[in-house]
Amino acid sequence: QVQLVESGGGLVQAGGSLRLSCAASGRSISSYSMGWFRQAPGKEREFVGSIRGYPVYILYADSVKGRFTISRDSAKTTVYLQMNSLKAEDTAVYYCAAGVLRSRNILPDEYDLWGQGTQVTVSS
């Protein structure tokens, strides 16, 4: 089974940038939708974006569009979430996830494999 290991979280000033990585082990992730989600205290897990398919298809939540970018390495073993112009409301635990391809893959229950999560805190 694929395991997902996240890294890159931390504390950042508002307006700053942070890059999260999600490394997959066990097998290629090329056949999965790879999603990024976040969960703030007291809130449900929220879709951030996803990358899947060939040619690659990327979706972003409206709340992060234009500020965040998702990418995948050429070996298809790691996905990234580049976060720019961070705001205090971006503070959350960020998770990467892998799921079987569906129509859109924007819901948490459409993903079966999850990373451990990494805390992103944006100070203001």
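Residues numbered from 1 in each chain as written. Predicted model: local features only at pLDDT ≥ 70, side-chain atom pairs only at ≥ 80, totals over all residues. Heavy atoms only, no water.

Caption draft 1: Structural context of the nonpolar core. Grouped together as the largest cluster of nonpolar side chains are 33 residues, with contacts concentrated most on L4, M34, W36, F68, L81, M83 and Y94. Where this core is concerned, the elements lending two or more residues are β3 (18-25), β4 (32-39), β5 (46-52), β7 (68-72), β8 (78-83), β9 (92-100) and β11 (118-123). Ranked by residues supplied to this core, first place goes to β9 with five residues. Sequence-distant contacts of Y94, defined by excluding residues within four places in its chain, comprise E6, L20, F37, R38, V48, F68, L81, M83, G117, T118 and V120. (Core = buried A, V, L, I, M, F, W, Y, C linked by side-chain atoms within 4.5 Å. Buried < 20%, exposed > 50% of the residue type's maximum accessible area, 1.4 Å probe, protein only. Helix = DSSP H or I, 4+ residues; strand = E, 2+ residues; numbered from the N terminus. Contact = heavy atoms within 4.5 Å.)

Caption draft 2: Local environment of the environment of Y54. Relative to the helices and strands, Y54 is located in the loop between β5 and β6 (57-60). Sequence separation of Y54 and A75 is 21 residues, and the distance between their C-alpha atoms is 14 Å. Here Y54 is in contact with S30, R72 and K76, once residues within four sequence places are set aside.

Caption draft 3: Representation of the state of the cysteines within the structure. For the coordinates displayed, the defined rule picks out one disulfide. Two residues share a disulfide in this structure: C22 and C96, whose sulfurs sit 2.0 Å from each other. Residues C22 and C96 are joined through a disulfide that is right-handed, its torsion about the S-S bond being 60 degrees. Placement of the pair is C22 in strand β3 and C96 in strand β9, with a sequence separation of 74 residues. For the pair C22 and C96, one class covers both residues: buried. (Disulfide = S-S within 2.5 Å.)

Caption draft 4: Spatial organisation of the pairing of β3. Relative to β3, strand β1 (residues 3-7) is paired through five bridges, and the arrangement is antiparallel. When the sheet's bridge partners are listed, L4 is paired in β3 with A24. As paired strands, β3 and β8 are joined by six bridges and run antiparallel to one another. The residue of β8 that forms the bridge with R19 is Q82. (Pairing = 2+ DSSP bridges.)

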